[in-house]
Amino acid sequence: MTERLFEGADWDFHTLQRITDACEEVAKNDLGLDVYPNQIEVITAEQMLDAYSSVGMPLFYKHWSFGKQFAYHEASYRKGLMGLAYEIVINSSPCISYLMEENTATMQTLVIAHAAFGHNHFFKNNYLFKQWTDADGILDYLDFAKTYVMQCEERYGRTEVERTLDAAHALMSHGIDRYPGKKKLDLRAEEKRAGRRRQHEEEVFNDLWRTVPKGAAKSKSTLSLERRRKLLGLPQENLLYFLEKSAPRLAPWQRELLRIVRHIAQYFYPQSQTKVMNEGTATYVHYRIMTKLHQTGRITDGNFLEFLQSHTNVVFQPEFDDRRFSGFNPYAIGFAMMQDIERIVTRPEDEDREWFPDIAGKNDVMGVLRDVWANYRDESFIAQFLSPKLMRQLRMFHLHDDPEERAGIRVDAIHDERGFRRVRRELARQHDVGYIDANIEVVDVDLSGDRRLILHHHVIKGAQLNETDAKRVLQHLADLWTYDVSLIEVDANDKVLREYVVSPRPITAAA
Amino acid sequence: MHIIDRRLNPGGKSLENRQRFLRRAKSLVQGAVKKTSQERDIKDVLEGGEVTIPLDGMHEPRFRREGGTRDMVLPGNKKFVEGDYLQRSGQGSAKDSGPGEGDSEDAFRFVLSRDEFVDLFLDDLELPDLAKRKIAQTESEGIQRAGYTTSGSPSNISVSRTVRRAMARRIALKRPSKDEIEELEAAIAACTDEDERSLMLAQLEKLKAKSKRIPFIDPIDIRYRRFETVPKPVAQAVMFCLMDVSGSMSEHMKDLAKRFYMLLYVFLKRRYKHVEIVFIRHTDRAEEVDEQTFFYGPASGGTLVSSALQAMHEIVRERFSPADWNIYAAQASDGDNSYSDGELTGMLLTDKILPVCQFFAYLEVGESGGSAFDLSDSSLWTLYERLRNGGAPLSMRKVSERSEIFPVFHDLFQRRETAQEKAAP
């Protein structure tokens with residue numbers, strides 16, 4: 001009889017160590033996971049609330065919007081509207097998992113299996129994270145960002161810094177490079193470069209240059225349209241990048257702030273594209289580990305039942321007409337798909353052989369899963385691996401809502417022979433961040449004229465921008481650009497649907 | 001593999017952010033605080049609490065798409081087949097805004113601590129006037145005993161401490177006592193046996209050497225008294241609560257008065273380190289009482305307002321020199337006074353009370369929903385109004401509902417120019 005990891009619900013730090021060792025053994029030997037070194041930190045509920053309000057990061061620069069988050073979470077937590085997450089895990093090396101002190105020993109086991117091994121493996125191996133994030137450098141970079149923002153506040157005043165950060169935050173979701181092509185971020189080097197930039201500026205600063213007479217303005221009309229756009233790297237969909245490089249009147253420290261916000265946005269970008277996969281992976285891993293621990297007698301039947309109850313809650317998927325329904329639960333669909341892949345690999349039916357000839361009956365469950373975890377994101381994962389059986393099981397159907405259609409919302413496809421591919425394609429599309437976010441890009445700047453910045457929003461399926469918000473964001477954009485900004489909404493046929501023109505507020509122009 | 005206990009790390013990492021947020025949302029939160037405070041009891045208000053501000057004011061905009069045709073995949077189909085239509089108002093389109101939903105902004109609720117709450121509530125209030133406000137903000141240094149120290153000036157040697165330590169040391173090191181030596185000397189003198197005598201002499205020698213080695217008082221025994229300078233607030237205030245408790249004052253009116261006094265107390269407490277409260281109740285004669293009696297003690301009789309003012313005047317003369325104290329008075333009354341008392345009251349106020357007061361507030365309380373209240377001005381009101389028009393620093397308001405207490409208080413203490421204060425009604 002093997003030794004139990006713990007008895008009852010209590011735990012201490014030796015227990016945590018034993019639990020982690022046991023989980024690690026299963027994770028490495030049975031599942032063949034490859035993880036960053038783990039760092040497990042035990043925190044209180046209040047600290048968990050703190051962590052929430054800085055997007056889960058242990059250190060972050062100061063800004064009022066995080067205070068707003070905190071006040072909001074705290075209020076709903078106190079009123080019992082919201083439970084706290086059992087864990088927060090950070091994509092860094094070492095991979096940091098926060099555990100709440102209130103958790104029972106069983107819950108700690110679940111959380112360690114889930115975060116320290118499931119998420120950790122995913123972070124380390126998925127191609128998007130490999131491509132875009134720098135797990136070694138992120139904590140140092142955040143530290144740098146925090147200090148830098150603080151120094152700016154001392155030098156240039158809190159209001160000025162706040163104004164720049166507010167503007168940068170408004171454009172944050174448009175501060176992302178969506179397509180690889182540039183090399184992966186090396187945040188540590190980035191931090192060093194920022195330091196060198198500042199130093200260089202200080203060294204080469206020579207007051208004399210201000211006194212050099214400006215010659216007559218060069219004729220700019222010679223610059224052809226094509227050449228101008230090429231010089232500015234247009235069209236450019238990374239608005240923050242564009243402003244950082246080309247906004248004419250930003251102070252160097254403002255550019256640096258934009259760069260910081262942009263780098264952080266980029267760091268979180270893979271997470272928004274892999275919610276289903278990431279949670280599915282972690283849930284599948286914790287399920288396997290817990291089951292194994294139970295089978296080998298390391299946790300009791302009682303513990304296992306406690307685990308099953310939490311697990312079931314987490315992967316619960318309400319149906320569309322249920323009051324609790326609020327879209328697909330990434331845990332539920334992710335876990336269901338991982339299990340389904342396991343089924344296809346080990347016990348395929350004819351249908352599966354037809355749909356998934358590459359993996360059906362291959363028998364190497366972990367080999368297939370590890371490959372999937374490494375090479376897909378939500379959109380491609382669903383498009384590739386959502387099986388007819390699972391669609392039937394979840395009774396998925398596709399609705400098409402055209403406001404022009406009087407009769408109501410049309411059921412476009414259901415879970416039948418004719419519908420499988422369409423339902424799957426549509427669900428995949430709904431998980432494509434590139435498709436969900438508004439497609440906005442800088443198309444031109446009239447440098448010889450009034451320096452107006454021209455942006456296009458490519459309207460898809462008639463969904464235009466919310467007017468109030470769009471105006472506010474454009475106001476921020478204009479404040480940074482310091483000249484007029486115009487945003488034109490065009491449909492697929494280049495027909496102009498609406499145009500916004502916003503002028504910068506004088507206070508920033510004067511700065 | 002590291003397991004780290006972070007629970008002892010200082011929490012409240014978000015405190016700074018929270019303060020930034022409150023600073024930014026100040027005007028919004030302030031409005032909300034005022035609104036909230038009208039709906040609640042004073043006690044609860046001072047406990048801090050939840051406020052709701054419109055989310056709109058703190059909105060962080062992003063580009064959002066809306067409208068157009070929508071596609072969605074949902075789970076849980078039970079009966080639909082391809083080509084069916086769902087009614088819009090029904091299931092599956094719950095997100096369409098129906099009538100009444102409009103584009104109302106969500107409100108944003110959160111909890112303020114007691115301090116944050118009171119701060120925000122009192123933030124734009126200010127003590128009216130005056131010359132002594134400058135004093136109110138300066139502090140002088142005071143000196144206070146603060147235990148003992150091993151170094152210091154000889155004048156601060158604490159003899160009793162030093163001796164006590166010396167004794168402890170002597171006992172611990174077994175220093176021979178004077179008695180012991182004398183006894184031995186006597187024994188030597190009385191001794192006849194030569195051998196024994198030389199033995200005792202040697203012992204005496206040893207004892208003497210030992211008592212030389214272990215001094216009676218050693219420098220390490222010495223203790224000095226230590227003094228510390230502490231900021232000593234000059235700022236002190238006394239608040240006189242004058243209340244008419246004659247038969248005409250109902251419980252409701254007393255309640256209104258009490259609320260006003262409580263607010264004034266909290267407000268003064270914020271500004272001064274020491275606030276004294278003097279409760280004076282009066283019928284046709286006045287007495288100083290404790291809080292309990294003041295608000296709940298039964299009393300009845302005629303009304304002579306001058307008696308209370310006289311009592312206040314005497315207490316000021318005895319205990320609160322106007323040079324050292326900031327004096328505030330709040331008088332609550334239903335406005336009745338005997339006709340014959342008017343002149344004396346006016347005289348006391350102008351000659352004795354108002355010159356020493358920073359601020360004198362007169363609160364006329366009326367019955368709830370009191371319509372009769374507004375018909376004609378009471379005798380006191382008329383009198384005070386005359387005084388004020390004559391330039392006296394008096395503030396006066398009428399209150400008949402609980403919810404009016406806060407606004408009235410706010411009104412009275414609103415930050416403003418001194419000149420305006422005098423001119424404005």
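Small disclaimer: the values here were computed from a predicted structure and weren't measured.

1. What to know about the overall build of chain B
Part 1: Summing up its helical and strand segments, chain B has 15 helices and 14 strands in all.
Part 2: Across the 425 residues in chain B, those meeting the buried criterion constitute 42%.
Part 3: Sequence-distant contacts in chain B: of pairs separated by 6 or more residues, those separated by 24 or more amount to 80%.
Part 4: Approximately 23100 Å² of chain B is accessible, and the part contributed by carbon and sulfur atoms is 51%.

2. A look at a positive patch on the surface
Part 1: On the surface, B:R145, B:R161, B:R164 and B:R165 cluster together into a positively charged patch.
Part 2: Looking at where B:R164 falls in the secondary structure, it is placed in helix α6 (residues 159-172).

3. Things to note about the sheet that holds strand β2 (residues 87-90) of chain A
Part 1: Spatial strand order, β2(A)-β3(A)-β1(A)-β1(B): four strands in an open sheet with mixed pairing. The outermost strands of the open sheet, each flanked by one partner alone, are β2 of chain A together with β1 (2-5) of chain B. Strand-to-strand twist across the sheet, computed as the mean angle between neighbouring axes with direction ignored, equals 20°.
Part 2: Relative to strand β3 (residues 95-100) of chain A, strand β1 (residues 38-43) of chain A runs parallel, the two sharing six bridges. Within the sheet, the bridge partner assigned to A:E41 lies in β3(A) and is A:Y98.

4. Considerations on the interface of chain B and chain A
Part 1: Listed by partner, the interface residues are 61 residues for chain B and 97 residues for chain A.
Part 2: Taking both sides of the interface into account, the surface hidden between chain B and chain A amounts to around 7600 Å²; carbon and sulfur atoms contribute 53%.
Part 3: Looking only at chain B, the three residues that lose the most surface to chain A are B:F63, B:R65 and B:V73, adding up to 13% of its buried area.
Part 4: Across the chain B-chain A interface, the total number found is 13 salt bridges.
Part 5: With a shortest N-O distance of 2.9 Å, A:D166 and B:R24 are connected by a salt bridge.
Part 6: Inspection of the chain B/chain A interface yields 38 residue pairs in polar contact (both at pLDDT 80 or more).
Part 7: Of all the elements in the fold, those that place two or more residues in the side of chain B that touches chain A are β1, α1 (15-24), β3 (65-66), β4 (70-74), β5 (85-86) and β6 (107-112) of chain B.

5. Some remarks on the packing of helix α7 (residues 158-170) of chain A against helix α11 (residues 252-273) of chain A
All names here are of chain A.
Part 1: Taken N-terminus to C-terminus, the directions of α7 and α11 make an angle of 40°; their axes are 10 Å apart at the nearest point. By the angle between their directions, the pair α7 and α11 is classed as oblique. As α7 packs across α11, the resulting crossing turns out to be right-handed. Here E160, V161, T164, L165, A168 and H169 of α7 lie close against α11, whose contacting residues are W253, Q254, L257, L258 and V261.

6. Digging into the pattern of salt bridges
Residues and elements named next belong to chain A.
Part 1: The full count for this structure, using the stated rule, is 41 salt bridges over all chains.
Part 2: Where E351 meets R392, a salt bridge forms, and the shortest distance between an N and an O atom there is 3.0 Å. Of this pair, E351 sits in helix α15 (residues 350-355) while R392 sits in helix α18 (residues 388-394), placing them 41 residues apart in sequence.
Part 3: Judged by relative accessible area, which is 35%, R392 ranks as partly exposed.
Part 4: Put simply, E244, K245, E256, R259 and R262 are held in one network by salt bridges that share partners.

7. Notes on a negative patch on the surface
Residues and elements named next belong to chain B.
Part 1: Judged by side-chain charge, D179, E180, E182 and E183 come together as a negatively charged surface patch.
Part 2: Looking at where E183 falls in the secondary structure, it is placed in helix α7 (residues 178-190).
Part 3: Using a relative accessible area of 61% as the deciding quantity, one classes E183 as exposed.

8. Considerations on the packing of α7(A) against α1(B)
Part 1: Following both chains from N to C, one finds α7(A) and α1(B) inclined at 90°, their axes separated by 14 Å at the closest point. With respect to α1(B), the element α7(A) is oriented roughly perpendicular. Where α7(A) abuts α1(B), its residues A:R158, A:E162 and A:D166 lie against B:E16, B:R20, B:R23 and B:R24.
Part 2: A breakdown of the residues in the contact of α7(A) with α1(B) according to their chemical character gives no nonpolar, no polar and seven charged.

9. Points about the side chain of A:T283
Part 1: Summarising the element assignment, A:T283 is placed in helix α12 (residues 275-295).
Part 2: If we ignore the near neighbours within four places in the chain, the residues touching A:T283 are A:H114, A:H311, A:V315, A:Y331 and A:F335.

10. With respect to the environment of A:V111
Residues and elements named next belong to chain A.
Part 1: Position of V111 among the secondary structure elements: in helix α4 (residues 105-125).
Part 2: Separated by 172 residues in the primary sequence, V111 and T283 place their C-alpha atoms 9.8 Å from one another.
Part 3: Each residue touching V111, except ones within four places of it in the same chain, is listed here: Y86, E87, L99, N103 and A116.

11. Some points on helix α10 (residues 239-246) of chain A
Residue and element names in this part refer to chain A.
Part 1: Burial runs high along α10: six of the eight residues are buried.
Part 2: Residues L239, L240, F242, L243, E244 and S246 constitute the buried set of α10.
Part 3: Where the residues of α10 are buried, they touch α7, α11, β6 (440-445), β7 (453-458) and α21 (467-481).

12. With respect to the pairing of strand β11 (residues 286-289) of chain B
Part 1: Pairing of strand β10 (residues 274-282) of chain B with β11(B) involves four bridges; the strand directions are antiparallel. Counted as the bridge partner of B:R281 is B:E287 from β11(B).

13. A few points about α21(A)
All names here are of chain A.
Part 1: In this model, α21 (15 residues) spans 20 Å end to end at C-alpha, consistent with the 21 Å of a helix rising 1.5 Å per residue.
Part 2: For α21, a buried count of eleven out of 15 residues is recorded, marking the element as mostly surrounded by other parts of the structure.
Part 3: For α21, the set of buried residues is D469, A470, V473, L474, Q475, H476, L477, A478, D479, L480 and W481.
Part 4: Two to three positions downstream of the cap, the backbone nitrogen of T468 sits 3.1 Å from a side-chain oxygen, assigning the N-cap of α21 to N466.
Part 5: One or two residues past the end of α21 sits T482, with phi positive at roughly 65°.

Procedures and definitions
- Numbers given for residues are sequential positions, taken from 1 along each chain in its written order.
- Chains carry letters and ligands carry numbers; both start at the beginning, A for chains and 1 for ligands, and go up in the order they are written.
- Owing to the predicted nature of the model, reporting of local features is limited to residues with pLDDT of at least 70; listing and counting of side-chain atom pairs is limited to 80 or more, with chain, interface and lining totals taken over all residues.
- Remark: hydrogens and water are excluded; side-chain values derive from all non-hydrogen atoms of the structure.
- A run of H or I in DSSP becomes a helix once it reaches four residues, and a run of E becomes a strand once it reaches two; helices and strands are each numbered from the N terminus.
- Only protein chains enter the accessibility calculation, which uses a 1.4 Å probe; a residue is then buried when its area is under 20% of its type maximum, exposed when over 50%, and partly exposed in between.
- The contact rule is simple, with two residues in contact once any of their heavy atoms fall within 4.5 Å.
- The method behind every accessible area is Shrake-Rupley, applied with a 1.4 Å probe, and residues are considered shielded solely by the protein chains displayed.
- Here a patch means residues that are over 30% exposed by relative accessible area and free of salt bridges, tied together within 9 Å if like-charged and within 5 Å if nonpolar (Val, Leu, Ile, Met, Phe, Trp, Tyr).
- We count a salt bridge whenever a side-chain nitrogen from Lys or Arg sits within 4 Å of a carboxyl oxygen from Asp or Glu.
- The charge count includes Lys and Arg as positive and Asp and Glu as negative, but it does not include His or the ends of the chains.
- The atoms used to mark charge sites are NZ of Lys, CZ of Arg, CG of Asp and CD of Glu.
- For two strands to count as paired, DSSP must find a minimum of two bridges between them.
- Interaxial angle, 0 to 180 degrees, is taken between N-to-C directions of lines fitted to C-alpha atoms, where a helix line uses only the stretch in contact.
- Once two parts are put together, the accessible area they lose, assessed with a 1.4 Å probe and summed over both, is termed the buried area.
- Under the rule applied, a polar contact is a pair of N or O atoms within 3.5 Å (in protein, one hydrogen donor and one hydrogen acceptor; residues adjacent in sequence only if both atoms are side-chain atoms).
- Each angle gets one of four labels, with under 35 degrees taken as roughly parallel, over 145 as roughly antiparallel, 65 to 115 as roughly perpendicular, and the rest as oblique.
- Left-handed is the label given to a crossing in which the near helix is rotated counterclockwise from the far helix by less than a right angle, and right-handed is the label when the rotation is clockwise.
- Gly falls in the polar group here, along with every residue not listed as nonpolar (Ala, Val, Leu, Ile, Met, Phe, Trp, Tyr, Cys, Pro) or charged (Asp, Glu, Lys, Arg).
- What a helix is expected to span follows from its residue count: subtract one and scale by 1.5 Å.

Purely spatial values, then, with no claim about function.
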